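# Chains, contacts and geometry: an overview
Each chain, written out:
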Amino acid sequence: MLATMISGRTLAQGAGCESKMSPDFFKAVALCHLSERDFKSLGLSEGKNVLLKNEFGQVVLTAKMDAGLPESIVFIPMGPWANVLVGKETGGCGTPHFKGLEVDVAATNSPVLNICELFSDMGA
Amino acid sequence: MIIKGGIVYDPANGIYGEEMDLFVDQGRMAEQAKGEEIDARGLLVMPGGVDAHSHIAGKKVNTGRIMRPDDSRQGTQSRTSVCRPSTGYTVPNCYAMGYRYARMGYTTAFEAATPILEARHTHEELAEIPIIDKGALTLFGSNWQVMECVRDKDLSKLAAYVAWGLRAARGYGVKIVNPGGGEAWGFGGNVKGINDTVPGFDVTPAEIIRGLAKANEMLHLPHSIHLHFNNLGKPGNYTTAIETLDLLRDIKPSRMRQIVHVTHMQFSAYGGTSWRDFESKAPVIADYFNNHNHATMDMGQLLFGSATTMTADAPLEYGNARLTHNKWSNHDIELEESSGVVPMTYFRKMLVNAVQWAIGLELALLVKDPWKILMTTDSPNGSPFVNYPEVITLLMSKPKRDAEMATLHEQVPKRTTLAGIERELDWTDIAIMTRAAPARILGLQDKGHLGTGADGDVTVYNLRPEEVDASQDHALVKKALANALYTIKGGVVVSKEGQILATPPGRTFWVDAAVPPADADRLMLDLEDKFAKYYSIQLSNYAVQDAYLPHAKAIRAGLPVEPLPEVA
Amino acid sequence: MSEATLIKDAVCSFCGCLCDDIDVEVEGGKVQRVKHACRLGSSKIMGHGRIESPMIRKEGVLVACSFQEAYDRAAQILLMANKPLMYGWASTSCEAGKKGILLAEEVGAVFDTTATVCHGPSVIGIEEKGLPGATLGQVKNRADTIVFWGCNPAEAHPRHSLRYSSNACGRFTPQGRKGRKIIVVDVRETRTAKNADKFISITPGCDYEVISALRMLVAGKGDNVPEEVGGVSKADLADLAATLKAAKFGAVFFGLGITHSRGRYKNIDNALSLVAELNQHSKFVIMPMRGHYNVGGIGQVLAWSSGYPMSVDFARGMPYFNPGETAACDLLARGDTDAAMVIAADAVSNFPRTTAQALAKIPVIQIDPYENPTTLLSEVVIPCAIAGVEAEGTAYRMDGLALRLRKMVDSGFPSDEEILIGILESVQKQRLLKANEEA
């Protein structure tokens, strides 16, 4: 499924953003919110994962139904998981495009990488 | 330190161009001293310059910097072993503020307008400005507590609030800008005259001005009220100016000084009914000042080129932005004020600008007593302060004025009287308008003169006043004024031929006025209520903490204080 | 053990609301209870896991060291670099920022703040159009109409509505929420939207078009507006325009929803123009919802020090500013920086991954109270006292109001300011040493 990805703040993301190595932060942020319809059409259920892919990267996240979202829009709490999908271009203004990115979303059985795993390939 | 053989202008002490040696000991002027010798033989020597009205620090100035990266790119200078980097022309960074004043021979400058709520920011910037001594005037003209005290005719509570506000803001004096207009602007309105009612408060600008003037004198504050008139910047506003000045004639000063200092008079000396028939009313204003002794003013001279207008007169700035289609910043301050910032360019060929240019000069040349008028540009509203040498040379040289006039819109001689004014100011006039008078008007006893015990702030210019003809050699004079040969601050050479040699931190003056405890107690009940209901911060977090004034100089005032002895 | 003490009216150093009515109970040198703060603020003030010691990476592993060793290594890295980047500054005091700028001048670094991945586009918009704003108390006392555009204070600034906006009562707004119209414009129905009188759902990336349509409608040129713009019907837009024009005092709060989306600074430029034009009909102000508690403050300090509020390059010895060239993300993306100091921010998490990868290739110095992904890539790690909890200082609220942060408890860690002084002194010492050797 093609969708538009937006990232943003949530209360739980905010509460955890100064303890990023904690399990609470992982639980709060390694999530992908989908509309009810998209959630069902991808055959997801609570606790299932989705794989998001675009030209910049790919990331696995836990799927979460969100009644406030319109169809074809997925929301990821801001943070390192969402940023896998963000490109480095800033359009000359210094700020990357964190929202409104086109992504391909599919159900997956792959696990969600924890924070250390997420950065293991950077030499962390 | 000994400054040898200069031709000294120290009008506050009756010295008008005498050859003499000066002595500085432990940062102060002295009868005798040893140490470093400065060779000033035959050269022009004055006290360090004092700027009584300049926008040098705080939210408005920083808003100017943030919205004008184009301006910051001008005047860029690298860091040196002594100096931090400089940027900006109309809105320089803090370091450039200090260095540029010092280069011109100025050692003191006062920030013109600070709301109490945002005074912490102002002091953060003041502390960062090197070399010069400074202070900040505090805004009271659209303040809810002020208006309520005035409405209730409770003058002693008003005085208690002014004292409390100055302490909270670590402020130096009472600034009033378009009184009542800042409150009206809270809902997008303005007051149209001094007898207009401020919406929701049942007071008029006239009552606010009189109330604050009386409270100012009850508190024996070193400075008088410092007033930016209603209707500023509008054609025909000279009548508002005269009407306002007449309001204050019967108030008795508590010190040997004016009752009101009118700031940037140029912007309030306009005739005509619209921009179409706009003309100078400087002669009428100058006559008024020549015939009355309760008021002083500063010029607010406008010069052609780039400026950044910034004022607590927010409706005026909205008008500027609509008129010029330029970018517009506005900042309303809860319970206290409003303000705005708009970049501006003044053009020689634009009639209105050319007339404004002439009005400032007319005022300075038509007011007979130089103790009544200070040289300012309302920096950076009329022009940035680095252009003071241009203003001074215009005042000293009729040929320079004529040459300038020839480049302006042809209607200028018809709309102003400048072309017919022959007067050329001399060094005594200039020493008064840039040193002695601003210090006396502000009530700074140790500034603006070179008597024993005064601050050891001395400027030596590379000019021979007995040889140079300022009327003819104005280019030479302007060059010499732009970079003093020596600027000495507190006995230290801070600048030599334009090069900054030392950057001591300047002091910040503020006024601590005592009031009867009973009045303070009554006031606190009001304030506790206001903070509980209306302010967005707590009373306990409101006042500027001592940490923000690392080099504070408190001046005591208030009821138990004896009036100051007469100066000169 | 010491007796319990109550600190009243402390300032919360979490988000741009900078709430200053927090009561904190301290006993035995520890915060025991926090009153009035939101979940975000209490979590910070109560405290949680910290980096325990300064560390230097040796053979791939971070090894504990003394503070002086860490300062010396950090200074060495900065001195060796041609163009170091000093990034972060949003979650520390202005006093630390001042010392950081001095250090950046000393070593010729690029100094950038988290604004560049947040409200940087707002800053550029303001450079284009200016900011018609007000203090938050002005909104509390006067606003009868409030628009939240692309922001979600219910989750990002939890006490905003109660203290300053939707639900606040003031002199001319005695009824609080009841007397106000609240409008939310967003691409999704956020918690903030659920409490609004009107939620306008727009298509992602269409903010610019929607604002343009509103400007037309406000100017009375609705004839030129098509039937639907950015997913919103013309009728809804006309309604909204009429509501805005009828306001006695209107306020627009905007967030990353429009700074991070297509159009970026142009969206802000357009929104600022809309608000300026609305002032011909009613009184209107606009304000960015700044995230970190002092991201506004570091912008102020940088502006008065250098003339520019973010992305300042001191490598030339004089300040130079050109976002898109001197912003942290651009420098890293171009591979144009050869060392980085990350302070009071987590660059590795918050930058696009492709940008963060550049940090893995250069030596990184981290100054932070907490471990985070930036720690994983750092060469030197220096733990600090938490500003606003363990150290005093100044911070600027989202409306630009400066407040004094209190120190609530003692800490064994040096403040950010002290650490920066330590590094600065080490830089000067090593430079002198080198000069003497060469001589």
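Computed from a prediction, not measured in an experiment: that's the story for all the values here.

## Looking at the overall build of chain A
Scanning chain A from N- to C-terminus turns up 4 helices and 6 strands. Ordering the α and β elements of chain A from the N terminus gives β-α-α-β-α-β-β-β-β-α. A compact globule built from 124 residues would reach a C-alpha radius of gyration of about 14 Å, and chain A, at 14 Å, matches this within 12%. Judged by the C-alpha coordinates and their principal axes, chain A covers about 35 × 35 × 25 Å. A burial count over chain A gives 51% of its 124 residues as buried.

## Topic: the sheet that holds strand E1 (residues 5–10) of chain C
All names here are of chain C. With antiparallel pairing, 3 strands are arranged side by side in an open sheet as E1-E2-E3. With one partner strand each, in any of the chains shown, E1 and strand E3 (30–35) form the two edges of the open sheet. Neighbour-to-neighbour, the strand axes of this sheet turn through a mean angle of 25°, independent of strand direction. Examined bridge by bridge, E1 and strand E2 (residues 22–27) share 4 bridges and lie antiparallel to one another. Its bridge partner being in E2, Thr 5 is matched across the sheet by Val 26.

## Digging into the interface of chain A and chain C
If you look at the interface, chain A gives 43 residues, while chain C gives 52 residues. Looking at the side of chain A that touches chain C, the elements with two or more residues in it are strand E1 (2–8), helix H1 (11–16) and strand E5 (73–77) of chain A. Per-class residue counts for the side of chain A that touches chain C are 19 nonpolar, 19 polar and 5 charged.

## Points about unusual backbone geometry
All names here are of chain B. In this chain, Ser 379 is followed by Pro 380 through a cis amide linkage whose omega measures 0°. With respect to the helices, strands and loops of the structure, Pro 380 is situated in the loop between strand E18 (373–374) and helix H13 (388–396). Despite not being glycine, Arg 170 shows a phi value in the positive range, around 50°. Looking at the element boundaries, Arg 170 is found in the loop between helix H6 (155–169) and strand E9 (173–177).

## Things to note about the interface of chain C and chain B
In this complex, chain C contributes 52 residues to the contact, which on the side of chain B involves 46 residues. Elements with a minimum of two residues in the side of chain C that touches chain B: E1, helix H3 (94–107), helix H4 (120–129), strand E8 (132–134), helix H5 (136–142), strand E15 (283–288), helix H13 (295–306) and strand E22 (402–405) of chain C. Considering every element that reaches the side of chain C that touches chain B, the biggest residue donor is H5(C), with 6 residues. One ladder, built from 3 bridges, connects strand E16 (residues 329–332) of chain B with E8(C); its direction is parallel. From the neighbouring strand, Asn330(B) faces E8(C), where its bridge partner is Pro132(C).

## Re the pairing of strand E21 (residues 492–496) of chain B
Residues and elements named next belong to chain B. Relative to E21, strand E20 (residues 486–489) is paired through 4 bridges, and the arrangement is antiparallel. When the bridges of E21 are listed, Thr 487 appears paired with Ser 495. Counting the residues in the hairpin turn of E20 and E21 gives 2 residues, including Gly 490, whose phi is positive at 55°. Here E21 folds back onto strand E22 (residues 499–500), and the loop between the two strands holds 2 residues, one of which, Glu 497, carries a positive phi near 50°.

## Concerning the environment of Lys140(C)
Here Lys140(C) lies in helix H5. For Lys140(C), a count of 26 C-beta atoms within 10 Å gives the class buried. C-alpha separation for the pair Lys140(C) and Gly176(C), spaced 36 residues apart in sequence, amounts to 8.4 Å. If sequence neighbours within four positions are ignored, Lys140(C) has contacts with Ser536(B), Tyr164(C), Ala168(C) and Gly170(C).

## A few points about the nonpolar core
Membership of the largest hydrophobic core comes to 384 residues, with the highest contact counts inside it found for Val45(B), Leu363(B), Val460(B) and Ala271(C). Once residues lying within four places of it in the same chain are set aside, the contact partners of Val45(B) are Ile3(B), Gly6(B), Ile7(B), Val8(B), Leu22(B), Ala40(B), Val458(B) and Val460(B).

## Digging into the domain arrangement of chain C
Annotation of chain C at the domain level lists domain 1 (5–44), domain 2 (50–118 + 293–438) and domain 3 (120–288). Each of domain 1 of chain C and domain 3 of chain C was reduced to a C-alpha centroid, and the two centroids are 31 Å apart.

## Things to note about the packing of helix H9 (residues 238–247) of chain B against helix H10 (residues 282–291) of chain B
All names here are of chain B. Where H9 contacts H10, the two axes come as close as 10 Å, and the packing angle between them is 10°. Classified by the angle between their axes, H9 and H10 sit roughly parallel to one another. Residues Tyr 238, Ala 241, Ile 242 and Leu 245 of H9 lie in contact with H10, whose contacting residues are Val 284, Ile 285 and Tyr 288. Per-class residue counts for the contact of H9 with H10 are 7 nonpolar, no polar and no charged.

## Overview of the environment of Ser212(C)
Checked against the element boundaries, Ser212(C) lands in helix H9 (residues 207–218). As a C-alpha pair, Ser212(C) and Thr173(C) span 39 residues in sequence and 30 Å in three-dimensional space.

## Some words on the sheet that holds strand E18 (residues 340–343) of chain C
All names here are of chain C. Pairing is mixed across the open sheet formed by 9 strands, whose spatial order is E5-E4-E20-E19-E18-E6-E7-E16-E17. The sheet is open, and its two edges are formed by strand E5 (61–64) and strand E17 (320–321), each paired on a single side. Direction of pairing for E18 relative to strand E19 (residues 364–367): parallel, over a ladder of 4 bridges. In the strand pairing of E19, Ala 340 is matched with Val 364. Its contacts with the sheet place helix H2 (residues 67–80) against strand E4 (55–58), E19 and strand E20 (380–382), and it is angled at close to 130° to E20. Against the sheet, H13 engages strand E7 (110–113) and strand E16 (312–313), with an angle of about 150° to E7.

Rules used in this analysis
In this numbering scheme, every chain counts its residues from 1 along its sequence in written order. Chains carry letters from A onward and ligands carry numbers from 1 onward, assigned in written order. Where local features are concerned, this predicted model is filtered to residues with pLDDT of at least 70; where side-chain atom pairs are given and counted, the filter is 80 or more; whole-chain, interface and lining totals use all residues. Numbering of helices and strands runs from the N terminus, with a helix taken as a DSSP run of H or I at least four residues long and a strand as a DSSP run of E at least two residues long. Values of the radius of gyration come from C-alpha atoms, whereas the globule rule sets the reference at 2.2 Å times the count of residues to the power 0.38. Field definition: a residue is buried when 20 or more other C-beta atoms are found within 10 Å of its C-beta, exposed when 12 or fewer are, and partly exposed for counts in between, with C-beta atoms placed from the backbone. DSSP calls a pair of strands paired once it identifies at least 2 bridges connecting them. Angles here are taken between N-to-C directions and fall from 0 to 180 degrees, while the axes themselves are lines fitted to C-alpha atoms, restricted in helices to the stretch in contact. Think of it this way: build a C-beta for each residue from its backbone, and any pair within 7 Å is a contact. Residues are grouped as follows: Ala, Val, Leu, Ile, Met, Phe, Trp, Tyr, Cys and Pro are nonpolar; Asp, Glu, Lys and Arg are charged; all remaining types, including Gly, are polar. By definition, a nonpolar core groups buried Ala, Val, Leu, Ile, Met, Phe, Trp, Tyr and Cys residues that connect through C-beta atoms lying within 7 Å of each other. Each domain's extent was defined by an automatic or database domain assignment. The scheme is simple: roughly parallel for angles under 35 degrees, roughly antiparallel for over 145, roughly perpendicular for 65 to 115, oblique for anything else.

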